[in-house]
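Next come the chains, spelled out residue by residue.
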Amino acid sequence: MIASYDIAFARSSDAVGIAQLSRDAIEQGLPWSWTPPRVLRSMRDADTNAIVARERDALVGFAIMKYRDDEAHLFLMAVQFSRRRRGIGRALLDWLELTARNAGLASIRAEVRETNGPARSFYARHGYTEAQLLRGYYERHDDAVLLKKTLRGL
Ligand SMILES: CC(C)(COP(=O)(O)OP(=O)(O)OC[C@H]1O[C@@H](n2cnc3c(N)ncnc32)[C@H](O)[C@@H]1OP(=O)(O)O)[C@@H](O)C(=O)NCCC(=O)NCCS
């Protein structure tokens, strides 16, 4: 049976779980930069939304988006490995895209590792275009692909 999940704002008690999922699913091979204190700071930033997907009480995914003057920046997003391909990533992204649209922002940007084929497919499926290769973006070692999605014309 597939359990249903809810999307909600992250609570401070989620900071450790979010940081661990970031370390394990996103930051592998890099120094752990999204530590619990950094996640907490992000949650407390008025221009940032941190959201989680929960199945019953278990955190199964999260995403963090920063809203700038005209552009939203999707900092991080991950779903627990055992819960992937069930639409949770899509639900997190839809939630954040709606807030960016409602705020009147023109576009969303995100970066993914050049080697991260699954995430590149995921974002392509959701209308993100690959705008630029960012050489050495991660610790001056790993390259990133800059992704953009236009929400409205300027
Ligand atoms: C990227 C990620 C968040 C997607 O989450 P998810 O819950 O598995 O995604 P969804 O189930 O909503 O997938 C929606 C669509 O995206 C595409 N997609 C998702 N994962 C894919 C994969 N591994 N390979 C190819 N396409 C994929 C598919 O089109 C999928 O639709 P389908 O399942 O009907 O074919 C998840 O793979 C993840 O946590 N990866 C590790 C962390 C990461 O790379 N984060 C992004 C950079 S910060």
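So, here's what we can say about the structure.

1. Quick notes on the environment of L98
Link 1 in the chain: Inspection of the secondary structure puts L98 in helix α3 (residues 88–102).
Link 2 in the chain: What makes L98 partly exposed here is its relative accessible area of 49%.
Link 3 in the chain: Placed 61 residues apart in sequence, L98 and P37 show a C-alpha to C-alpha distance of 27 Å.

2. As for α3
Note that an α-helix has 3.6 residues per turn; residues three or four places apart therefore point the same way.
Link 1 in the chain: If you check α3, its first and last C-alpha atoms are 21 Å apart, about what 15 residues at 1.5 Å a residue would give, namely 21 Å.
Link 2 in the chain: Those residues of α3 lying buried are I88, G89, A91, L92, L93, L96, E97 and A100.
Link 3 in the chain: Backbone geometry just downstream of α3 places G104 in the positive-phi region, at approximately 80°.

3. Some remarks on the pattern of salt bridges
Link 1 in the chain: Tallied over the full model, the rule gives twelve salt bridges.
Link 2 in the chain: Among the salt bridges present, the one from R86 reaches E55, with a minimum N-O distance of 4.0 Å. With R86 in the loop between β4 (71–79) and α3 and E55 in strand β2 (residues 48–55), this pair connects stretches of sequence that are 31 residues apart.
Link 3 in the chain: Its relative accessible area of 6% is what places E55 among the buried residues.
Link 4 in the chain: Residue K149 pairs with E97 through a salt bridge whose shortest N-O separation is 3.1 Å. Remark: E97 occurs in helix α3 and K149 occurs in strand β7 (residues 142–150); sequence separation between them is 52 residues. Here K149 matches E97 in class, with each residue buried.
Link 5 in the chain: When salt bridges that share partners are traced, they join E55, R83 and R86 into one network.

4. What about the layout of surface pockets?
Link 1 in the chain: The volume enclosed by the largest pocket comes to roughly 1300 Å³.
Link 2 in the chain: Along the wall of the largest pocket there are 40 residues; nearest its centre are M77, V112, N116, A119 and Y123.
Link 3 in the chain: For the lining of the largest pocket, the leading source of residues is β4, giving seven residues.
Link 4 in the chain: Residue composition of the lining of the largest pocket, grouped by class: 20 nonpolar, nine polar and eleven charged.

5. Remarks on the packing of aromatic side chains
Link 1 in the chain: If you walk through the whole model with that rule in mind, you get five aromatic pairs.
Link 2 in the chain: A centroid spacing of 5.2 Å and a plane angle of 85° characterise the contact between F9 and W95, whose relative ring orientation is edge-to-face. Residue F9 is located in strand β1 (residues 5–9), and its partner W95 is located in helix α3; the two are separated by 86 residues in the primary sequence.
Link 3 in the chain: Aromatic side chains F122 and Y123 sit 5.2 Å apart centroid to centroid with 75° between the ring planes, which places their arrangement in the edge-to-face category.
Link 4 in the chain: Classification of F122 as partly exposed rests on a relative accessible area of 23%.
Link 5 in the chain: Taken together, F122, Y123 and Y128 form an aromatic cluster joined through their ring pairs.
Link 6 in the chain: In this arrangement the basic side chain of R38 is found over the ring face of W34, its NZ or CZ atom lying 3.8 Å from the centre.

6. A word on the environment of E27
Link 1 in the chain: With respect to the helices and strands, the residue E27 is situated in the loop between α1 (15–26) and α2 (36–44).
Link 2 in the chain: Take E27: its relative accessible area is 7%, and that puts it in the buried class.
Link 3 in the chain: For the pair formed by E27 and Y138, sequence separation is 111 residues and the distance between their alpha carbons is 9.4 Å.
Link 4 in the chain: Leaving out residues up to four positions away in the same chain, E27 has contacts with S22, W32, S33, W34 and R113.
Link 5 in the chain: Here S33 takes part through its side chain, which lies 2.7 Å from a polar atom of the side chain of E27.

What counts as what
Residues numbered from 1 in each chain as written. Predicted model: local features only at pLDDT ≥ 70, side-chain atom pairs only at ≥ 80, totals over all residues. Heavy atoms only, no water. Helix = DSSP H or I, 4+ residues; strand = E, 2+ residues; numbered from the N terminus. Buried < 20%, exposed > 50% of the residue type's maximum accessible area, 1.4 Å probe, protein only. Expected span 1.5 Å × (residues − 1). Salt bridge = Lys/Arg side-chain N within 4 Å of Asp/Glu carboxyl O. 1 Å grid on protein atoms, 1.4 Å probe; cavity = no way out; pocket = protein on both sides within 12 Å on 5 of 7 lines; lining within 4 Å. Points joined across faces, edges and corners; volume = space filled by probe spheres on them. Nonpolar A, V, L, I, M, F, W, Y, C, P; charged D, E, K, R; others polar. Phe/Tyr/Trp six-rings, centres within 6.5 Å; stacked < 30°, edge-to-face > 60°. Lys NZ or Arg CZ within 6 Å of the ring centre and 35° of its normal. Contact = heavy atoms within 4.5 Å. Polar contact = N/O pair within 3.5 Å; in protein donor to acceptor, adjacent residues only side chain to side chain.

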